[in-house]
Each structure stands twice: as C-alpha cells, then as structure tokens.
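# Structural features, examined
Take a look at the letters that make up each chain.
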Amino acid sequence: MEMTVLLHLTAIGTAADLIGGKIPNGLIAAGLLCGAAGQAISSRGAGLACWLAGAALPVLLFGGLYWLRMIGAGDVKLLCVIGGFLGPVPCFFCMLRAILFGGIISAFLVVKRHNLFVRLFYFRTYITQLLKTGQWSPYRRENDGDGQFCFSVPILLGLLTMLGGGR
C-alpha cells in the first residue's frame, strides 16, 4: 500500500513537472506526511529516524547542485519524499538510478538536438567563470531550453526500477 501511494505521488509530481514546469509544494508536503506516517506505523515509532534520514539525504547530496541551479528544487523535494518512504539506503540507490537514467536521457537529447559541443562549451565556460571570479551565478538560464529537461522523469524511472525488484 505504501509503495502504491509513493508511486502515485511521484507519477503525479512528474506529470505536473512535465505539464507546468513545477512540482506542487502541496504534493511534496502530502508525500512527506504520508512517508512519516508510514514509517511511524510500520516501525512502531523507530521509523521516524529512518524517515528523517531518508528525507534529508537528497538535500545533503543534491543541495549543491540545486545551489548552482543545475537541478530544480522540486526535483530535490521529490527525492526527499522518496527518501522519507524508503529510508536512506534505498533512497541512495534510487538517486543513483535517477542519475543513470538522467545521463541516458541527456545523451539521447544531445544526439537529437545536435548540440554536444554547444553543451560542453557552455559547461566549460560556466566552470571557468566560476573558478576565475569566485562569483556564483545560476547554471541554468531561463532562455536555455535547449539544455534542459525535467529531471523528475529519471527520478520516476529510478523509483520504478527500485520497486520493480532491484536494489
């Protein structure tokens, strides 16, 4: 039952991200509450520490990417919901799978859009500027649609493969 709720929350968040470009905070709040309740009930209270560790892990591991604006806040929060339901170790493996699927999708998009060298030059310029000036600036720009995609899709794919039986 809990995994069905998690899967539905993640799928709804992904659909909202694809349609409107944002994952609703109400959905995230509901997911965090459901995950905490599920952990508390299934582990007789000891699961709240597992919930907290799982929900905090994505912030610790992806917080820097959000700060640089390489990933959206909604994606990090969606991973927090997953971590709250699954706990830190399965969440870590889900995040690894999401990164793998994100890489596959990125490679496909670079080939489809014929912009490998443009993307590599953009990244090199960004890192060079950051190291040279020490000044932070967002990696993603509003008008740079050619270099973006919804990371919630790889997150959903990572979760599906986790729930499908792998670790």
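Further remarks concern the overall build of the chain. When helices and strands are tallied, the chain shows seven helices and zero strands. Along the chain, helices (α) and strands (β) appear in the sequence α-α-α-α-α-α-α when read from the amino end. Taking 2.2 N^0.38 as the reference for a compact globule, 167 residues should give roughly 15 Å; the C-alpha atoms of the chain span a radius of gyration of 17 Å, in line with that estimate. In terms of overall dimensions, the chain has C-alpha extents of about 50 × 35 × 30 Å along its principal axes. For the chain, the computed accessible surface area is about 9500 Å², with 71% contributed by carbon and sulfur atoms. Averaged over its 13 positive side-chain charges, the chain has a centre that lies 6 Å from the centre of its 6 negative ones.

Bringing unusual backbone geometry into the picture now. The phi dihedral of Arg 69 is positive, around 65 degrees, even though this residue is not glycine. Within the secondary structure layout, Arg 69 lies in the loop between helix 3 (47-67) and helix 4 (73-86). Relative accessible area serves as the criterion here: at 27%, Arg 69 is assigned to the partly exposed category. Residues other than glycine seldom take positive phi values, yet His 114 does so here, at roughly 55 degrees. In this fold, His 114 is placed in the loop between helix 5 (88-113) and helix 6 (116-133).

About the criteria used
Residues numbered from 1 in each chain as written. Predicted model: local features only at pLDDT ≥ 70, side-chain atom pairs only at ≥ 80, totals over all residues. Heavy atoms only, no water. Helix = DSSP H or I, 4+ residues; strand = E, 2+ residues; numbered from the N terminus. Rg over C-alpha atoms; globule rule 2.2 N^0.38 Å. Areas by Shrake-Rupley, 256 points an atom, 1.4 Å probe, with all protein chains shown as cover. Lys, Arg positive; Asp, Glu negative; His and termini not counted. Charge placed at Lys NZ, Arg CZ, Asp CG, Glu CD. Buried < 20%, exposed > 50% of the residue type's maximum accessible area, 1.4 Å probe, protein only.

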